[in-house]
Amino acid sequence: MEDMENIISGLNEIERRIESGEFLWRTDREDVHMNIEAELIDLVGDPAKKLHTARSRNDQVATDVRLWCRDSMDKIIHKIMDFQVALIKLADSYKDLIIPGYTHLQRAQPLLLPHLLLAYVEQLERDIGRLKDCQQRMNYCPLGSCALAGTGLPIDRFATASALGFIEPLRNSVDAVSDRDFLLEFLSVNSILAVHLSRIAEEWVLWASEEFGFLTPSDAVSTGSSIMPQKKNPDPMELVRGKSARVIGNLTTLLVLCKGLPHAYNRDLQEDKEPLFDSTETVIAMLEVSTEFAYNISFNEERIAKSLTAGHLDATTMADYLVYKGVPFRTSHEIVGKSVALALSKGCQLSELSIAELRSVNPAFDEDVYKYLGVQNAVGWFRSFGSTGKACVMEELRLWKDKVVRR
């Protein structure tokens, strides 16, 4: 007990010195473990030589990395939640704004802007779920596995696992010291998160362009050009888009690092730290920048409204109208295609075709067709669960606001 108290007292003093910056790291002591153990021997003498009993640097570093990852995942989850809050506030500020929806980057159907913004929120929620799943799978303790074979000394691995907040010890000592699946999974989750952020960034960069003009970033999140005085660039989101490549590259580095390793521990695994630390720091920075950008943009309602006349966004709703009239959908699809061709030839909208002109395409059309035409009417007809209909989107927004409050 006296030796234990001396060891703990010495470790506390070393911790204090490290945190205050007083601790002298010596390269001749090889690594962190040996620096601390040697310093402890200098402080308390022979009792410190018992510290490494039934331990190896192999199981210690595997334990340390799991603890670090567990804490880092919590930080990332909180940053994701911050971004979700920013998106939800944006959605709440533009409840009634209709935008053109795209497939293949071509005009498709009208959407409520909150519907699109909440699509981002849903993606990010899955990222949180993957991080929590990864946390759960990695939360098993390698400590006590020693170099690879365990020990003949009477240690209690369940006690140390519990004290460190793990679910229980890993069952197989060879697996415990050589496994880096949890890092591969963590970096994979980070990569998926980075891809989501990159997709959002790409959309917002496009929307900030003169060609779209849907979005205006404030001066706080824009940069100019060194030569072109008129430029207002959404640089932060361009950097978010670019940083995704770095995060994906870190995953690739670790996959290649692990692919040829025999069991159990190999020194190659020293190289897992740089991609791990860089991936984590990068996604945290990407989330922080995305959140700040979201708080500093406005949507150009007038420009968006003017854009809605292009692309016949109400064509699918017209097809649904014909289905209500008893026309099979494939037939209604063909009829609407001809109606769009007629509108194009006349340089007008579907809603501007007369009933006589519509009946010249097919007699199924009646005066009530105009209740389905135009983007306002089209959005009003969406009613399936999860659709862009006003009632559906407002209910989804309400649920997300409630969820954010509960968090």
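The structure presented is a predicted model; accordingly, all values stated were derived computationally and were not measured.

Parameters and conventions
Residues numbered from 1 in each chain as written. Predicted model: local features only at pLDDT ≥ 70, side-chain atom pairs only at ≥ 80, totals over all residues. Heavy atoms only, no water. Axes fitted to C-alpha atoms, helices over the stretch in contact; angles between N-to-C directions. Helix = DSSP H or I, 4+ residues; strand = E, 2+ residues; numbered from the N terminus. Parallel < 35°, antiparallel > 145°, perpendicular 65-115°, else oblique. Left-handed = near helix turned anticlockwise from the far one by under 90°. Contact = heavy atoms within 4.5 Å. Nonpolar A, V, L, I, M, F, W, Y, C, P; charged D, E, K, R; others polar. Polar contact = N/O pair within 3.5 Å; in protein donor to acceptor, adjacent residues only side chain to side chain. pLDDT = per-residue confidence, 0-100. Phe/Tyr/Trp six-rings, centres within 6.5 Å; stacked < 30°, edge-to-face > 60°. Buried < 20%, exposed > 50% of the residue type's maximum accessible area, 1.4 Å probe, protein only. Salt bridge = Lys/Arg side-chain N within 4 Å of Asp/Glu carboxyl O. Core = buried A, V, L, I, M, F, W, Y, C linked by side-chain atoms within 4.5 Å. 1 Å grid on protein atoms, 1.4 Å probe; cavity = no way out; pocket = protein on both sides within 12 Å on 5 of 7 lines; lining within 4 Å. Points joined across faces, edges and corners; volume = space filled by probe spheres on them.

Colleague: Could you clarify how one ought to interpret the packing of helix α1 (residues 2-20) against helix α2 (residues 32-44) in this entry?
Modeller: For any two helices packed against each other, the geometry comes down to the angle between their axes and how far apart the axes lie. The geometry of α1 relative to α2 is characterised by a closest axis approach of 9 Å and an angle of 120° between their N-to-C directions. It follows that α1 is oblique to α2 by the angle criterion. When you trace α1 past α2, the crossing you get is right-handed. When α1 is examined against α2, the residues Asn6, Ile7, Gly10, Leu11, Glu13, Ile14, Arg17 and Ile18 are found in contact with a partner set consisting of Ile36, Glu39, Leu40, Leu43 and Val44. The residue inventory of the contact of α1 with α2, partitioned by class, reads eight nonpolar, two polar and three charged.

Colleague: Help me out: how do you make sense of the side chain of Ser222 in this one?
Modeller: Secondary-structure assignment places Ser222 in the loop between β3 (215-217) and α8 (235-258). Among the polar contacts listed, one links the side chain of Ser222 to the backbone oxygen of Ser218, at a separation of 2.8 Å. Look past the residues within four positions of Ser222 in its chain and what remains in contact with it is Pro217, Lys232 and Asn233.

Colleague: Could you clarify how one ought to interpret the confidence of the model for the protein chain in this entry?
Modeller: Any residue range with low pLDDT should be treated as having predicted coordinates unsuitable for detailed reading. Summary statistics for the protein chain give a mean pLDDT of 94 and a share of 99% for residues scoring 70 or more. Mean pLDDT across the secondary structure elements of the protein chain bottoms out at helix α15 (residues 390-406), with 91, and peaks at helix α9 (residues 273-294), with 98.

Colleague: What exactly am I supposed to notice about the packing of aromatic side chains here?
Modeller: For any pair of aromatic rings, geometry is given as the distance between the ring centres together with the angle between the planes. This structure, assessed with the given rule, holds 14 aromatic pairs. Centroid distance Trp207 to Phe299: 6.1 Å. Interplanar angle 80°. Geometry classified as edge-to-face. Highlighted residues: Trp207 in helix α7 (residues 181-207) and Phe299 in strand β4 (residues 297-299), separated in sequence by 92 residues. Accessibility expressed as a relative area gives 4% for Trp207, which makes it buried. What makes Phe299 buried here is its relative accessible area of 4%.

Colleague: Just to check I follow, could you spell out the environment of Ser162 for this structure?
Modeller: Relative to the helices and strands, Ser162 is located in helix α5 (residues 157-163). In this structure the C-alpha to C-alpha distance between Ser162 and Asn377, which are 215 residues apart in sequence, comes to 60 Å.

Colleague: Just to check I follow, could you spell out the packing of helix α3 (residues 57-93) against α9 for this structure?
Modeller: For the pair α3 and α9, the least separation of the axes is 9 Å and the interaxial angle reads 15°. Taken as axis vectors, α3 and α9 run roughly parallel relative to one another. In this structure, the crossing between α3 and α9 has a hand that is left-handed.

Colleague: Hey, could you run me through the pattern of salt bridges in this one?
Modeller: Opposite charge on two side chains makes pairing possible when the charged atoms of those side chains draw close. Taken as a whole and assessed by the stated rule, the structure comprises 33 salt bridges. Here Asp28 ties to Arg26 by a salt bridge, and the two come within 2.7 Å at their closest N and O atoms. Residue Asp28 is classed as exposed on the basis of its relative accessible area, which comes to 56%. One salt bridge connects Asp92 with Lys401, and the closest N-O pair in it is separated by 3.3 Å. One end of the pair, Asp92, is in helix α3; the other, Lys401, is in helix α15, with 309 residues separating them in the sequence. By relative accessible area, which is 25% here, Asp92 ends up partly exposed.

Colleague: Before we go on, may I ask you to explain the nonpolar core in this structure?
Modeller: For soluble globular proteins, nonpolar side chains are generally found buried alongside one another. In this structure, Ile76, Phe83, Leu117, Phe186, Trp204, Trp207 and Phe299 are the most contacted members of the largest nonpolar core, which totals 66 residues. Mapped by element, the contributors of at least two residues to this core are α3, α4 (113-138), α7, α8, α9, β4 and α15. Contact partners of Ile76, with chain neighbours within four places excluded, come to Leu131, Phe186, Asn190, Leu193, Thr280, Val283, Ile284 and Leu287. One finds Ala315, Leu342, Cys348 and Tyr372 within the second-largest nonpolar core, a separate group that totals 20 residues.

Colleague: Would you explain the layout of surface pockets in this entry?
Modeller: It is a probe the size of a water molecule, rolled over the atoms, that shows where empty space is left. Estimated volume of the largest pocket: approximately 1,500 Å³. Along the walls of the largest pocket sit 37 residues, with His33, Arg55, Gln60, Asp64 and Leu143 positioned nearest its centre. Counted by class, the lining of the largest pocket contains 17 nonpolar, nine polar and eleven charged residues.

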